Amino acid sequence: MPASPPCGLPRLVCWHLTLGVLGGVALFGAETAGLLRAGAVGVDVPVDGPYAALAAAVRPLLPELLLRVATVYALAGALLAASAGLLAQAWGARGVARALLTVGQGVVLLGLLAWDRAIARPALFDDLPSLRPVLAWLVDHGQPWQPRGVALAWLLAHAAGLAPRVRAMPRAVSVGLVAASVAAVGFWSWAPARKVGAEPPPLVVLIGIDAFRPDRLEAAGRGVAPNVARFVADATQFTHAYTPIAQTEPAWRAMLTARWPTRTGVRYPLTADTRMVPAETFASAFTAAGWRTVFATDCSRFHHEGPASGFATRLQPPHGAINFALEKLRYRALGMFADNALGAAWVPEFIDNRALAGIHDPMGYASRLSARLGNEAASGPTLFAFHATAAHFPGDPVYPFYRRYVAASEPLERRLRMHFAPVSPGAKGGWSREGAEALYDELLAQADSQVGRLLEDLRRSGRYDDALIVLFSDHGESFHADRPDLAGATSVHGARLSDEENHILLAVKPPRRWGRGPSEVDALVRLVDVGPTLLELSGLGGPSDVDGLSLAPLLRGEARDVAPLYAETGYTHVSPEVFSPGHWPGAPRDFNAYRIRSDGVVEMTDAAGDAVLKEKDRGAFDGQRWVVDRPQEDGSELRSCEGECEGADADALAAWLDGVRERAPERGWRKVAGHVDDRFPQPSGNLRPSQRLLRLRPGEPPGAAHPQPRGG
């Protein structure tokens with residue numbers, strides 16, 4: 001008998017790939033048309049008036065960015081079509097029947113993938129009204145095993161019919177597939193062996209959890225953060241730790257420089273570069289000593305670290321107008337096909353950017369970040385800092401966190417994303433305080449799981465015990481517990497000087513070989529103490545003339561004199577007279593408070609910045625009392641005291657606050673050479689392609705994408 005003819009699989013695959021690419025590009029075009037349609041969800045933003053500058057800054061970056069997005073669609077379509085065609089072979093159909101069967105297989109594959117992602121990250125589809133009933137059922141009842149079990153059963157059903165056709169493949173093709181499979185398994189299971197008995201290089205890990213309130217670790221905290229609790233049990237927890245300003249960017253700048261915000265010049269989010277006071281950071285001291293220094297975050301809208309942070313490598317989403325525009329580009333196929341290491345490398349602006357609800361996979365991001373931490377730590381002395389932002393607006397809980405604490409009776413839109421509403425005097429929020437705090441707890445649990453992934457991988461690699469690890473929060477969060485009229489209103493941080501907003505988590509675990517220190521320290525400590533502590537424990541010299549003090553004596557169980565906290569309010573969506581009638585309310589709270597530089601960086605205008613400084617409350621805290629100065633509408637300043645306000649200690653604290661304020665002139669900033677503001681319309685250098693805005697690697701010159709030494 002004559003030999004059986006070849007199955008013709010390569011030719012079919014070629015056709016399938018071609019049609020798949022065309023289908024993917026068509027889907028990209030359809031989604032783009034939907035995004036551009038007037039009134040589309042999330043895209044109805046005016047591009048005239050104050051928004052014209054944003055559109056002008058973003059427009060040159062879009063072609064290259066959209067080309068990369070279209071490439072993902074094309075490759076995803078090709079992969080989907082090839083898989084569908086292979087499965088269609090199981091039925092032996094020919095001609096039109098085979099083509100229709102292939103299309104049907106592709107629809108089933110796409111549906112299974114969408115089903116899986118809708119359970120994992122429902123915010124990917126929550127703005128599609130037609131899918132809301134199905135999505136609501138999945139949020140209440142969906143489990144990851146459901147679509148995966150159906151997919152497995154479906155594939156097994158095809159296996160019997162497909163097996164004879166696979167056996168008919170040319171021998172070379174079969175051998176090649178087997179060899180490729182073996183090579184893939186070998187590659188993914190391979191890991192460099194650690195030298196037995198080798199002393200690992202020093203490792204310092206700094207993990208900040210945005211908006212984490214320490215009371216979430218207490219018995220009444222309903223188990224929000226088991227990974228943090230497990231770490232705290234290994235560490236020394238400072239139960240009276242406070243931040244000098246309850247907003248991320250200025251708080252991180254104060255921590256990095258060990259200076260009060262009055263001395264850093266960074267006193268509110270999106271501070272103009274021209275107002276930053278140049279200062280050495282503890283990260284720059286590590287860098288100068290030859291350490292590998294890495295900063296990573298998945299959200300950089302209001303906290304972006306530039307060269308002045310001292311970190312040689314900074315892994316963060318793009319900075320400026322492009323990041324605000326990305327939220328409007330709801331390309332859902334990216335969240336379905338590109339939520340992996342390859343997608344993160346190709347379109348990092350989307351995949352490693354928490355501002356893109358549903359598209360960003362926080363747990364996948366944590367896994368990739370953990371691998372990066374392991375690689376850095378194996379290469380030499382390393383300082384690795386991570387800022388986890390899950391609990392910060394615009395948070396969207398993923399599986400299984402979105403069904404932890406928020407009641408199932410709440411509206412779907414409340415369960416899947418934070419909602420923002422301006423708070424004004426007498427305004428009552430559209431939700432209950434219990435509901436708002438429950439969503440906050442779900443997001444904290446999500447951040448805790450990310451942190452747990454990093455810590456567990458350190459344990460698995462054997463680096464946990466020998467690492468110096470600091471876990472902290474940059475600020476707390478206020479749900480207006482003292483204001484019944486604001487029940488359910490949007491939460492806030494940086495609006496008042498209080499325990500809810502300024503009390504932070506701080507726990508330090510030295511290397512195990514140093515011995516166990518006290519489990520808890522009740523002395524008052526400040527966020528500005530972190531840098532001097534890391535430098536002393538690592539045996540490095542650091543900046544002089546700082547406000548922070550090393551916590552090393554307290555870690556050894558020794559006592560130290562009380563070191564007061566200086567604190568000030570920031571700039572929030574809540575005008576200060578909401579909480580303090582008669583307070584001066586002069587800072588604007590709209591888009592006109594900001595300017596967009598010609599290089600796309602968004603920063604506060606000088607006029608708005610001056611107004612923010614004028615409306616700030618400034619205070620001092622010594623663990624027993626708060627002394628606070630509040631500017632009044634009539635131009636005066638009201639000083640108040642809460643706590644034990646009689647006696648010499650109270651007088652000494654008030655005098656100390658006066659001394660801090662006298663040493664910090666309100667306009668003590670100076671322009672740094674080479675930086676750009678709106679008085680110089682042309683930025684230095686050329687704009688980088690948007691993909692390169694995400695990461696700055698060691699040795700890469702800071703061009704116009706990073707012209708500023710941002711610190712908070």
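The structure we're discussing is the one just above.
Here the structure is a predicted model, which is why all the values come from computation and not from measurement.

Quick notes on the overall build of the protein chain
From N to C terminus, the protein chain includes 23 helices and 16 strands. For the protein chain, the share of sequence-separated contacts (at least 6 apart) that also reach a separation of at least 24 residues comes to 74%. Counting only carbon and sulfur atoms, one obtains 62% of the accessible surface of the protein chain, whose full area is about 29800 Å².

Some words on unusual backbone geometry
The amide bond that connects Tyr399 to the next residue, Pro400, takes the cis arrangement and shows omega of 0°. With respect to the helices and strands, Pro400 occurs in the loop between β5 (382-388) and α17 (412-416). Here Ala258, not a glycine, exhibits a phi torsion of approximately 60°, which is positive. Its identity is not glycine, yet His480 carries a phi of approximately 60°, on the positive side. The buried category is assigned to His480, whose relative accessible area is 0%.

Some thoughts on the side chain of Arg330
Relative to the elements of secondary structure, Arg330 occurs in the loop between α12 (321-326) and α13 (332-337). Arg330 gets classed as buried once you look at its relative accessible area, which sits at 7%. Among the polar contacts made by the side chain of Arg330, one reaches the main-chain carbonyl oxygen of Leu124 at a distance of 3.3 Å. Ignoring sequence-local partners within four residues, the contact set of Arg330 consists of Glu31, Leu35, Ala123, Leu124, Phe125, Asp126, Asp127, Ala357, Ile359 and Arg417.

Regarding the packing of helix α16 (residues 362-379) against helix α18 (residues 433-461)
Axis separation between α16 and α18 bottoms out at 9 Å; the angle between their running directions is 30°. Viewed along their axes, α16 and α18 adopt a mutual orientation that is roughly parallel. The handedness of the crossing between α16 and α18 comes out as right-handed. For the pair α16 and α18, the contacting residues are Pro362, Met363, Tyr365, Ala366, Ser367, Leu369, Ser370 and Leu373 in the first and Gln446, Ser449, Gln450, Arg453, Leu454, Asp457 and Leu458 in the second.

Re the nonpolar core
General note: in soluble globular proteins, nonpolar side chains tend to be found buried as a group. Ranked by size, the top nonpolar core spans 50 residues in total, and within it Val228, Phe231, Phe386, Leu455, Leu458, Ile469 and Leu471 carry the most contacts. For this core, the elements supplying multiple residues, two or more each, are β1 (203-209), α8 (226-234), β3 (292-297), α16, β5, α18 and β6 (468-472). With twelve residues, α18 is the single largest residue contributor to this core. In contact with Val228, not counting residues within four places along its chain, are Ile209, Phe212, Leu217, Asp448, Leu471 and Leu505.

Quick notes on helix α5 (residues 132-141)
Leu135, Leu138 and Val139 are the residues of α5 that are buried. Angularly, the buried residues of α5 cover 100° about the axis, an arc narrow enough to put them on a single face. Along α5, the residues that are exposed and aim more than 90 degrees away from the buried face are Pro133 and Val134. Those residues of α5 that are buried are in contact with α4 (95-120) and α17.

A word on the sheet that holds strand β15 (residues 637-643)
One open sheet holds the four strands; their spatial order is β10-β13-β14-β15, and the pairing between them is antiparallel. Single-partner strands in this sheet number two, and they are β10 (565-568) and β15. If you compare each strand with its neighbour and ignore which way they point, the axes differ by 15° on average. Looking at chain direction, strand β14 (residues 625-631) and β15 are connected through seven bridges and run antiparallel. Bridging from a neighbouring strand, Asp629 pairs with Arg639 of β15. Here helix α23 (residues 648-662) sits on the sheet in contact with β10, β13 (618-621), β14 and β15, set at roughly 45° to β14.

Digging into the environment of Phe621
Topologically, Phe621 is positioned in strand β13. When neighbours within four sequence positions are excluded, Phe621 is seen to be in contact with Tyr242, Leu524, Pro564, Leu565, Trp626 and Leu653.

Some thoughts on the pairing of β14
Of all the seven residues making up β14, seven are buried; the element is thus mostly covered by neighbouring parts of the structure. Alternating positions in β14 separate into two faces, Arg625, Val627, Asp629 and Pro631 on one and Trp626, Val628 and Arg630 on the other, with burial throughout. Taken together, the four bridges between β13 and β14 define a ladder with antiparallel strand orientation. Residue pairing for β14: Arg618 is matched across the bridge by Asp629. Between β14 and the antiparallel strand that follows it, β15, lie five residues; Gly635 among them carries a positive phi value of about 95°.

Re the pattern of salt bridges
For the structure on display, the rule yields 51 salt bridges. For Arg301, the salt bridge identified is with Glu327, shortest N-O distance 3.0 Å. One end of the pair, Arg301, is in the loop between β3 and β4 (313-315); the other, Glu327, is in the loop between α12 and α13, and 26 residues separate them in sequence. Note that Arg639 and Asp658 form a salt bridge whose closest N and O atoms lie 2.7 Å from each other. Of this pair, Arg639 sits in strand β15 while Asp658 is found in helix α23, placing the two residues 19 residues apart along the sequence. For Asp658, a relative accessible area of 31% corresponds to the partly exposed category. Because the salt bridges share partners, they merge into one network encompassing Asp273, Arg275, Arg595, Arg597, Asp599, Glu603, Asp606 and Asp610.

Observations concerning the pairing of β5
Counting buried positions along β5 yields seven of seven residues, so the element is predominantly enclosed. Residue alternation in β5 divides its side chains into two sets, Thr382, Phe384, Phe386 and Ala388 and Leu383, Ala385 and His387, and both sets are buried. Two strands pair when backbone bridges link them, and β1 and β5 are joined in this way by seven bridges, in the parallel orientation. Bridged to Gly208 within β5 is His387. Here β3 runs beside β5; their pairing, made up of six bridges, is parallel. When the sheet's bridge partners are listed, Val294 is paired in β5 with Phe384.

Some remarks on the environment of Ala654
Looking at the secondary structure, you find Ala654 in helix α23. Considered as a pair, Ala654 and Ser640 are 14 residues apart in the sequence and their alpha carbons are 10.0 Å apart. Residues contacting Ala654, with those up to four places away along its chain left out, are Val627 and Arg639.

Examining helix α20 (residues 530-537)
Judged by how many residues are buried, α20 sits mostly within the fold: seven of eight residues are covered. Here α20 has its buried residues at Val530, Gly531, Pro532, Thr533, Leu534, Leu535 and Leu537. Gly539 occupies a position one or two residues after α20 and carries a positive phi of about 75°.

Overview of the packing of α8 against α18
As a packed pair, α8 and α18 sit with axes 8 Å apart at the nearest point and diverge in direction by 50°. The angle between α8 and α18 places the two elements in the oblique class. Residues Pro226, Asn227, Val228, Arg230, Phe231 and Asp234 of α8 lie in contact with α18, whose contacting residues are Asp448, Ser449, Gly452, Leu455, Glu456 and Arg459. Within the contact of α8 with α18, the residues separate by chemical class into four nonpolar, three polar and five charged.

Focus: a nonpolar patch on the surface
Taken together, the side chains of Trp15, Leu19 and Leu22 define a hydrophobic patch exposed on the protein surface, amounting to about 360 Å² of accessible area. The topology assignment puts Leu22 in helix α1 (residues 9-36). A relative accessible area of 54% means that Leu22 is categorised as exposed.

What counts and how
- Residues numbered from 1 in each chain as written.
- Predicted model: local features only at pLDDT ≥ 70, side-chain atom pairs only at ≥ 80, totals over all residues.
- Heavy atoms only, no water.
- Helix = DSSP H or I, 4+ residues; strand = E, 2+ residues; numbered from the N terminus.
- Contact = heavy atoms within 4.5 Å.
- Areas by Shrake-Rupley, 256 points an atom, 1.4 Å probe, with all protein chains shown as cover.
- Buried < 20%, exposed > 50% of the residue type's maximum accessible area, 1.4 Å probe, protein only.
- Polar contact = N/O pair within 3.5 Å; in protein donor to acceptor, adjacent residues only side chain to side chain.
- Axes fitted to C-alpha atoms, helices over the stretch in contact; angles between N-to-C directions.
- Parallel < 35°, antiparallel > 145°, perpendicular 65-115°, else oblique.
- Left-handed = near helix turned anticlockwise from the far one by under 90°.
- Core = buried A, V, L, I, M, F, W, Y, C linked by side-chain atoms within 4.5 Å.
- Arc of directions from axis to C-beta.
- Pairing = 2+ DSSP bridges.
- Salt bridge = Lys/Arg side-chain N within 4 Å of Asp/Glu carboxyl O.
- Nonpolar A, V, L, I, M, F, W, Y, C, P; charged D, E, K, R; others polar.
- Patch = residues over 30% accessible without salt bridge, like charges linked within 9 Å, V, L, I, M, F, W, Y side chains within 5 Å.

Just distances and angles here, no functional claims.
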